[in-house]
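The chain contents come next:
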Protein chains: 2
Amino acid sequence: MAIAAIEKLIIRLSRLPGVGRKTAQRYAYFILGMDREETVELANSLLEAADKVHPCPVCGMYTDLELCELCSDPRRTDAVICVVSEPKDVAAMEKTREFMGKYHVLFGSLSPMDGIGPSEIRINELVDRCKGGEIKELILATDPDAKGDVTAAYIAKLIKPLGITITRIARGIPIGGNLEYIDEITLQKALEGRREM
Amino acid sequence: MAIAAIEKLIIRLSRLPGVGRKTAQRYAYFILGMDREETVELANSLLEAADKVHPCPVCGMYTDLELCELCSDPRRTDAVICVVSEPKDVAAMEKTREFMGKYHVLFGSLSPMDGIGPSEIRINELVDRCKGGEIKELILATDPDAKGDVTAAYIAKLIKPLGITITRIARGIPIGGNLEYIDEITLQKALEGRREM
């Protein structure tokens, strides 16, 4: 009963993050029910994204320009660089409308167990940028988990000798969070990071 | 900061069932990180499915043949037809390996509120099949919800004069279900449908 073209589509769709066979099957049957033009448009938007979008040569954020809009924005300071693991983290940061420096996307976190060392992510590019002399502060905004912490620690050790201030985004209780339900490590970090009111 | 090609991809992906903007964004960033060939393969599998797969002219199930494998299987009897709402329901039925008749996919359920009347789904085609004279039983396996029940009742009324036995799949407690947590309507149906042991 397996139809090769459907089966192939299900397999390809199930490679998307968090998509198991059941969900892929659901998507596939939905796609089969779409108008042909809609399917063509979806396929084209995939190809267009692959062809037009590439990482910015400076910060690594996805862009369809030679230099991304963030890097070429004159209102943004070159003195502060926010280091993140993934391009989507830049999008999350930008939503705060708070940060007016530049970014550096690592495209991953250090993970020796998975064979991801410093040369597998964009750490050399970061060091080169830091050697330019314009940067005063590096905000390490890698995820607050084991890999993110290791990556941040590694970068801090590497960059500190260049005389750049290194900061790490605060760990603490999220807004709307409830003390009772927060894990003890977060609570411990929130205590450590307490500020005078 | 919005990049047209990414935005377009996100919008197209968010049309998939159960996919909101956040999930579509996650898929889009994942796709941007894939190798170009992988993206091309995904796009091609979409187009291939749209081009090669079509509903079987008899039962409506998706197929890449002129007549689907189920309809052309000589081991399957023409005397019993199982009526379902969607092609994916055929796949679910087939997993039981229990049913050895043919299918009829309606491609929807009656829903006057949404403007879906008998001519919007494949009911005329079902009546034509039933007039062929070979069919002895029609198993109505539309979903056990309001729309599915209305659709089943409508079909039963329409086909009964042709002298065909009409049955409806049993409603009851699912295997592994717990009396305590089952809703009262299901429990009521389970009582009504009780059988002598």
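For the structure itself, look to the data block above.
Before going into details, it helps to say that this report is about the structure given with it. (Residues numbered from 1 in each chain as written. Chains lettered and ligands numbered in written order. Predicted model: local features only at pLDDT ≥ 70, side-chain atom pairs only at ≥ 80, totals over all residues. Heavy atoms only, no water.)

### Some points on the interface of chain A and chain B
- Each side of the interface is counted separately: chain A has 47 residues, and chain B has 47 residues.
- Carbon and sulfur atoms make up 72% of the surface buried where chain A meets chain B, a total of about 4700 Å² over both sides.
- The interface formed by chain A and chain B holds 6 salt bridges in total.
- Taken together, chain A and chain B are joined by 9 residue pairs in polar contact (both at pLDDT 80 or more). (Contact = heavy atoms within 4.5 Å. Buried area = accessible area lost by both parts, 1.4 Å probe. Salt bridge = Lys/Arg side-chain N within 4 Å of Asp/Glu carboxyl O. Polar contact = N/O pair within 3.5 Å; in protein donor to acceptor, adjacent residues only side chain to side chain.)

### Structural notes on helix 6 (residues 146-159) of chain B
Residues and elements named next belong to chain B.
- Across its 14 residues, helix 6 extends 20 Å between first and last C-alpha, which sits within 8% of the 20 Å expected from 1.5 Å per residue.
- When we look at burial in helix 6, the residues that qualify are Gly148, Thr151, Ala152, Ile155, Ala156 and Ile159. All buried residues of helix 6 project into a common sector of 135 degrees when viewed along the axis, lining one side. Pointing more than 90 degrees away from the buried face of helix 6 are the exposed residues Ala146 and Lys157.
- For helix 6, the secondary structure elements touched by its buried residues are strand 3 (80-84), helix 5 (123-131), strand 5 (137-140) and strand 6 (165-168). (Helix = DSSP H or I, 4+ residues; strand = E, 2+ residues; numbered from the N terminus. Expected span 1.5 Å × (residues − 1). Buried < 20%, exposed > 50% of the residue type's maximum accessible area, 1.4 Å probe, protein only. Arc of directions from axis to C-beta.)

### Section: the pattern of salt bridges
- Per the stated rule, a full pass over the model turns up 22 salt bridges over all chains.
- The shortest N-O distance in the salt bridge between A:Asp51 and B:Arg36 comes to 2.6 Å. Of this pair, A:Asp51 sits in helix 3 (residues 36-52) while B:Arg36 is found in helix 3 (residues 36-52), placing the two residues in two different chains.
- Using a relative accessible area of 42% as the deciding quantity, one classes B:Arg36 as partly exposed.
- Residue A:Lys147 pairs with A:Asp114 through a salt bridge whose shortest N-O separation is 3.4 Å.

### As for the relation of the copies chain A and chain B
- Note on the copies: chain A fits chain B at an RMSD of 0.0 Å, the axial shift is 0.0 Å, and the rotation between them is 180 degrees. On this basis, the relationship between the two copies can be described by a two-fold rotation axis. Relative to the rotation axis, the closest C-alpha in chain A is found at A:Ala43, a distance of 2.2 Å. (Least-squares fit on C-alpha atoms with pLDDT ≥ 70 in both.)

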